[in-house]
Amino acid sequence: MDDDFYKERARQLRELATQADPFIKQRLLRLAGNYDAMITRTRPAVLFNVPDISADQFADNNGRKD
C-alpha cells in the first residue's frame, strides 16, 4: 500500500470521527493516527558547506582561521 492510501484512510476516519460519540471518536482518531504513522517520512538531505581545515588546525584553535 502506498502513502496516498494511508493519507486518504486517515482523512476518512477523521471525517467519521466528527459524527461519532466521544468513545468511538477517540478510537477513530487513534486509528487515524496509526495510519499517519505508516506514511513514509522522507526528509531532504541536508548539505553543509564545511571549510577545509586540517586536523592540526582544528586541534590548535578549534577550527578558527586567524
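Residues numbered from 1 in each chain as written. Predicted model: local features only at pLDDT ≥ 70, side-chain atom pairs only at ≥ 80, totals over all residues. Heavy atoms only, no water.

Undergrad: Looking at this model, I keep getting lost on the nonpolar core. Mind explaining?
TA: Considering soluble globular proteins, one finds that nonpolar side chains tend to be buried as a cluster. The biggest cluster of nonpolar side chains holds 8 residues, and these are Tyr6, Ala10, Leu13, Ala17, Leu28, Ala32, Tyr35 and Ile39. Of all the elements in the fold, those that place two or more residues in this core are helix 1 (3–17) and helix 2 (22–38). With sequence-adjacent residues up to four places away left out, Ile39 is seen in contact with Asp3, Tyr6 and Lys7. (Core = buried A, V, L, I, M, F, W, Y, C linked by side-chain atoms within 4.5 Å. Buried < 20%, exposed > 50% of the residue type's maximum accessible area, 1.4 Å probe, protein only. Helix = DSSP H or I, 4+ residues; strand = E, 2+ residues; numbered from the N terminus. Contact = heavy atoms within 4.5 Å.)

Undergrad: Quick question: what am I supposed to make of the packing of helix 1 against helix 2 here?
TA: For any two helices packed against each other, the geometry comes down to the angle between their axes and how far apart the axes lie. Packing of helix 1 against helix 2 leaves a shortest axis separation of 8 Å and a crossing angle of 165°. Considered as vectors, helix 1 and helix 2 are oriented roughly antiparallel to each other. As for the relative orientation of helix 1 and helix 2, their crossing is left-handed in sense. Contacts between helix 1 and helix 2 involve Asp3, Phe5, Tyr6, Arg9, Ala10, Leu13, Arg14, Leu16 and Ala17 from the former and Lys25, Leu28, Leu29, Leu31, Ala32, Gly33, Tyr35, Asp36 and Met38 from the latter. Classifying every residue of the contact of helix 1 with helix 2 gives 12 nonpolar, 1 polar and 5 charged. (Axes fitted to C-alpha atoms, helices over the stretch in contact; angles between N-to-C directions. Parallel < 35°, antiparallel > 145°, perpendicular 65-115°, else oblique. Left-handed = near helix turned anticlockwise from the far one by under 90°. Nonpolar A, V, L, I, M, F, W, Y, C, P; charged D, E, K, R; others polar.)

Undergrad: Please explain the environment of Arg11 as it appears in this structure.
TA: The residue Arg11 is located in helix 1 in this model. Along the backbone, Arg11 and Asp36 are 25 residues apart, and their C-alpha atoms lie at a distance of 9.4 Å. Looking at Arg11, its side chain comes within polar contact range of the side chain of Glu15, at 2.8 Å. (Polar contact = N/O pair within 3.5 Å; in protein donor to acceptor, adjacent residues only side chain to side chain.)

Undergrad: Would you mind showing me how to read the pattern of salt bridges here?
TA: Think of it this way: side chains of opposite charge can pair up when their charged atoms draw near. Applying the stated rule across the entire model yields 3 salt bridges. Among the ionic pairs, Glu15 bridges to Arg11, the shortest N-O distance being 2.8 Å. One end of the pair is Glu15 and the other is Arg11, both in helix 1 and 4 residues apart, which spans about a single turn. Under the relative-accessibility criterion, Glu15 is labelled partly exposed at 44%. For Arg11, a relative accessible area of 41% gives the class partly exposed. Note that Asp36 is salt-bridged to Arg14, the shortest N-O span being 2.4 Å. Here Arg14 lies in helix 1 and Asp36 lies in helix 2, a separation of 22 residues in the sequence. Through salt bridges that share partners, Glu8, Arg11 and Glu15 make up one connected network. (Salt bridge = Lys/Arg side-chain N within 4 Å of Asp/Glu carboxyl O.)

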